[in-house]
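An overview of the molecular structure
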Amino acid sequence: MAESRMETLKLSPKRVFINNIDSYASKTIAKCLSENVVGAAADPEEEKERTQAFHVVGTVSDKHDEYRPHVLEEYSQLNRDELLSKLMVCDVVIYNISQHADQVEEAFWAVSALHNEMGRFSRPKVFILISTVMTWACSKPVNPDEPFTDEMRRRAHPNFKQHLDLEKRVVKMGKSNRKLFSTYVVASGLQYGMGEQVFHFFFKTSWLGQEPTIPVFGDGKNIVPTIHITDLASVIQNVIEHQPKRHYLLAVDNSNNTMEDIVKAVASSLGPGKIEKRPIEEALLTRDMSVMEFDSLLINLCMEAVHLKELFSINWLCESGLVENIELVVEEYQQTRALLPIRVCVLGPPAVGKSTISKQICEYYKLHHITLKETISETISQLEDDVKNADPDAENEDSAAEAKELLNNLKDSMEQNGGLLDDQLLVKVVKDKLMSNPCRNQGFVLDGFPKTYEQAKELFYAEEHESEDGASQLSSYSKKIMPEFVLCLDASDSFLKDRVMNLSERLVQEHNYEQEHFLQRVARFRQNNVEHETAVNYFDELDISPLYLEITSSDEPDCLLLMQKIFDTVGKPRNYGPSSQEVEEEERKQAEEKMRREAQEEAEKERKEEEEAKQRAARWEEWTKSLEEVRQQEDEQLEAQSVPMRTYLMEHVMPTLTPGLIECCTAMPQDPVDFLAEFLIKNDPFNY
C-alpha cells in the first residue's frame, strides 16, 4: 500500500496549500516540502523525481517581500470565496497557527468550509493544523515523574483557549468521512533554527554583545518543549505521506531543556557567556518580544512524542534538542539572517594612515578595531581582574592559576623587551582577542599586524581540532579568524616624513614618531617587505588577494575616493539594521531637531520683524521730524516774504479799506462790491 502511494506521489505531484507562507515557520516548511529533503532515496534518479513530489502554494502578507522559488503560486488579499476556490484544488491544506493568533479564525473557517464542500471533492484531501504545545500549558500529569504524552488530557493557557477549541474542531471534522477528508493536529514544541523567532531575543542580544549578561526571565527552571523547524517540516511531510490513523500528534524533540540551559548555551556560543536572572515582569518591557512569545517562554512541560516514534521513521536533524546542537543552530542563525562577520587586515608602513582608515571601516561596518597597544592593555587589565576576583575554593581554580601565570609572563616579557612583548606571547594575545565572541560575531579590522610571515603563520594557524587530517601547516589555517580582505597601504618615504612633520607634538609622542625612531621603523618595514617571505606573501599563498592602495594625498576628496574603493571591495554591511526602538529613537531625535529648527526659524523671523518694525518707526520719526523742519522753514520764509507786502497794505490800503468795510456791513447793500467801490472812490485820499 505504501509503495502504491509513493508511485502515485511520483506520477502526480500533490498540490499543498500553506497559509502565511512568508512567515518564519511556514516558509521553512514550504521550502522543505518543495525540496522533499525528508526520506531521501538511495538512487539519485529516484531522488530527482522525489524532489517534485509537492507543488506548494500559499497566502502571503507581502507579495513583494522576497523571491521564493520554492513556491509555485502566491496569493494576497483574497476574500473568502476566492480563498475557498484555491483550497478546493489542493490535495493538502496546512494551516499554521503556532505563531500567529490572528490565523485561528481563518483556520476555523477553512476546515469548516472544506468539510461542507466534501461532496464536491474530485479527490481526497488532507487538512493539517500546526498548533502549539501552549494548549497543554495548564495541564497536570497523573504522575509528576512522567512526561506528558499524546494520550493525556490537555488544558490550555488562558491566552490559547481558542487554539484548543480549533484543535478539537479539526479532529472532529476528520472523523465523519476519513477516506474523503482526513484531518490532523500537530502540536508543535517551541520552534528554533533557521534564523529563530521565539528565541530570537536571546540570540540577538548575545550576538550584539552590548550587554555584559544575557537575561533569564524568572528562575529559569521551567522545562521548555522544543523542536527544530526542519524536524517539524519532516513531521508534516510524514503525516502527508503516511496519513496515520491518529488525528492528534505531539511534535517535540527529546531534549526537555530548561530555559536557563537554553539561554546559557546561546550566551556561551554567541555572547559573554554569563546570564542573569531577572523578574518576569521585565520581559513585558522588552519591545523585541511579543505577548505570545512571552507566554511561550514561561511554559513548564516535560513532554514526550510517543506516537512520532511509533508511526514514523523521521530523519531527525536535532533530535537531542537546541542545547546539544547549539553550534549547528548558531550557524543557521548567522547564515539565515546574513549576520556573517567581516574580517579585514590593514597593513602598511608607519604613518601611512592605517589607524584612520581602520576606524572608518569599523564605523561603517560596525566592526571591532584591533590594535596591538589596546589589545595588550585590555588583556593585562582583564587578567588582573580575574586574578583579583578569583575564588580559591571555586571549581575554576585551574583557570585562575593559568590567568596568573599568563599575567606574570606578559609583565616579565614587557620588562625584558622595553615595554614590548616577544612574538610568541604577542601572537597569543592577539589570537585570543580574535577568537572572542564579539570578533567572531561581527568581525574585526586588524590594524598593522601581523608584520612578518612567521607572525602571520602562527597567528592564523588552526588548532588541532580545527584542522583537517593530513593538512600542511600552511593550508591548515583557522577559518574562524582568517581575514577575508587584506588592504596593503603604501606611500613614498618623503610623503611619510612630511606627514609626520605636520603632526602635532601630542600625536608624535602618542604614536612614538620621534624622528630617529620613526626612520628606524620605516627602514625596518621596507626591509621586511623586500624579503621573499612577507606577511603579504602569506595571504597570497592562501589565495587571499590583497588590495594595494597607494596613498599620495591627505586631501579630503582623495580620502573619500579611497574609502569608497574600500567599501566597494568589501561590500555591504552584514549586521542588524537599526532596531525598531532605535528607529523610533532616531525619528524622535529628528522630530525634536525639526521642532527646534522650526522654533529657531520662527524666533529669527520674529526678531527680524521686530527689527524691521523698529527701523520703520525710526524712519517714520526721522521723516516726520524732517517734514516738520521743512514746514517751519517754509513758514519762516513766507513770513519773511510777507513783511513788505503787509507793511504796504497797512500804510496805503487798510486805512481807507477798513472804514469802507465797516460802512458796508452797516448798510448791508444788495451789491456790497459796488457799494464798496463807490465808497473807495469817494474817500480816496489820493483823489485830487
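Residues numbered from 1 in each chain as written. Predicted model: local features only at pLDDT ≥ 70, side-chain atom pairs only at ≥ 80, totals over all residues. Heavy atoms only, no water.

Some remarks on the pattern of salt bridges
To keep it simple, the criterion reads: In the sections that follow, a salt bridge refers to a side-chain nitrogen of Lys or Arg positioned within 4 Å of a carboxyl oxygen of Asp or Glu. Comment: elements are numbered from the N terminus, with helices defined as DSSP H or I runs of at least four residues and strands as E runs of at least two. Accessibility here uses a 1.4 Å probe with only protein chains present; expressed as a share of the type maximum, an area under 20% marks a residue as buried, one over 50% as exposed, and anything in between as partly exposed.
Inspection of the entire model under this criterion finds 25 salt bridges. The shortest N-O distance in the salt bridge between Glu 484 and Arg 574 comes to 3.1 Å. Here Glu 484, found in the loop between α19 (453-459) and β15 (485-490), pairs with Arg 574, found in the loop between α24 (556-570) and α25 (580-667); they are 90 residues apart in sequence, far enough to count as distant. The shortest N-O distance in the salt bridge between Glu 611 and Arg 607 comes to 2.5 Å. Residue Glu 611 and its partner Arg 607 are located together in helix α25, separated by four residues, close to a single helical turn. For Arg 607, a relative accessible area of 36% gives the class partly exposed.

Notes on the confidence of the model for the protein
Condition: For every residue, the pLDDT score states the predictor's confidence, bounded by 0 at the bottom and 100 at the top. Note on contacts: a residue pair qualifies if any of its non-hydrogen atoms lie within 4.5 Å across the two residues.
Mean pLDDT for the protein: 85, with 89% of residues reaching 70 or above. When the criterion is pLDDT under 50, residues 1-10 qualifies, and its contacts beyond four places in sequence or with other chains add up to nine contacts. Within the model, pLDDT remains below 50 along residues 468-473, and this stretch shows four contacts once partners closer than five positions in the same chain are excluded.

Here we look at the packing of helix α2 (residues 24-35) against helix α8 (residues 229-242)
The condition that has to hold: Angles shown run from 0 to 180 degrees and are taken between the N-to-C directions of axes, each axis being a line fitted to C-alpha atoms and, for helices, limited to the stretch in contact. Throughout this description, any angle smaller than 35 degrees is read as roughly parallel, any larger than 145 degrees as roughly antiparallel, any in the 65 to 115 degree range as roughly perpendicular, and the remainder as oblique. Each crossing gets its handedness from the near helix: less than a right angle anticlockwise from the far helix is left-handed, clockwise is right-handed. Under the scheme applied here, ten amino acids are nonpolar (Ala, Val, Leu, Ile, Met, Phe, Trp, Tyr, Cys and Pro), four are charged (Asp, Glu, Lys and Arg), and all others, including Gly, are polar.
Interhelical geometry of α2 versus α8 gives an angle of 55 degrees and a closest axis separation of 9 Å. Judged on the interaxial angle alone, α8 and α2 are oblique. Where α2 crosses over α8, the two elements pack in a sense that is right-handed. For the pair α2 and α8, the contacting residues are Tyr 24, Ala 25, Thr 28, Ile 29, Cys 32 and Leu 33 in the first and Ile 229, Thr 230, Leu 232, Ala 233, Gln 237 and Ile 240 in the second. Of the residues in the contact of α2 with α8, the class split is nine nonpolar, three polar and no charged.

Quick look at the environment of Met 88
With respect to the helices, strands and loops of the structure, Met 88 is situated in helix α4 (residues 80-88). C-alpha of Met 88 to C-alpha of Arg 123: the two residues are 35 residues apart in sequence and 9.8 Å apart in space. If sequence neighbours within four positions are ignored, Met 88 has contacts with Leu 114, Glu 117, Arg 120, Phe 121 and Lys 125.

Re the side chain of Glu 196
Worth spelling out the cut-off: Counted as a polar contact is a pair of N or O atoms within 3.5 Å, where, for protein atoms, one must be capable of donating a hydrogen and the other of accepting one, and residues adjacent in sequence contribute only when both atoms are in side chains.
Relative to the helices and strands, Glu 196 resides in the loop between β7 (190-192) and α7 (200-208). Separated by 2.7 Å, the side chain of Glu 196 and the backbone nitrogen of Gly 193 make a polar contact. What Glu 196 contacts, discounting residues up to four positions off in sequence, is Tyr 24, Phe 203, Val 329, Tyr 333 and Arg 337.

A closer look at the side chain of Ser 139
Among the structural elements, Ser 139 can be located in the loop between β5 (125-132) and α6 (161-173). Note on Ser 139: relative accessible area 8%, which makes it buried. At 2.6 Å, the side chain of Ser 139 and the backbone nitrogen of Arg 155 are in polar contact. Every residue in contact with Ser 139, bar those within four places of it in the chain, is listed here: Phe 148, Arg 153, Arg 154 and Arg 155.

Description of unusual backbone geometry
For residues other than glycine, phi is negative in most cases, and the peptide bonds are mostly trans. In this model, Phe 449 is joined to Pro 450 through a cis peptide bond whose omega is 5 degrees. Phi at Gln 77 takes a positive value of approximately 55 degrees, unusual for a residue other than glycine. Mapped onto the elements, Gln 77 comes out in the loop between β3 (73-75) and α4. The exposure class of Gln 77 is exposed, given its relative accessible area of 82%.

Some points on the packing of aromatic side chains
Put simply, the rule reads: Aromatic pairing here means that ring centres of Phe, Tyr or Trp (its six-membered ring) are within 6.5 Å. Orientation follows from the plane angle: under 30 degrees is stacked, over 60 is edge-to-face, and everything else is tilted. To sit over a ring, a charge needs its Lys NZ or Arg CZ within 6 Å of the ring centre and within 35 degrees of the ring normal.
Within the structure shown, the criterion is met by 18 aromatic pairs. Their ring planes at 15 degrees and their centres at 6.3 Å tell us that Phe 460 and Tyr 538 sit as a pair that is stacked. Placement of Phe 460 in the loop between α19 and β15 and of Tyr 538 in helix α23 (residues 535-541) is noted, with a sequence separation of 78 residues between them. There is no split in this pair, since Phe 460 and Tyr 538 are both buried. What links up through ring pairs into an aromatic cluster is the set Tyr 453, Phe 460, Tyr 538 and Phe 539. Here the basic side chain of Lys 125 rests over the ring of Phe 121, its NZ or CZ set 5.2 Å away from the ring centre.

Focus on helix α22 (residues 515-528)
How we decide: Each residue after the first adds 1.5 Å to the expected span of a helix. Here the arc refers to the directions that run from the helix axis out to each C-beta atom.
The terminal C-alpha atoms of α22, which comprises 14 residues, lie 20 Å apart, in line with the 20 Å expected from a rise of 1.5 Å per residue. For α22, the set of buried residues is Phe 518, Val 522 and Phe 525. Taken around the axis of α22, the buried residues stretch over an arc of 60 degrees, which confines them to a single face. With respect to the buried face of α22, the exposed residues turned more than 90 degrees away are Glu 516 and Gln 527.

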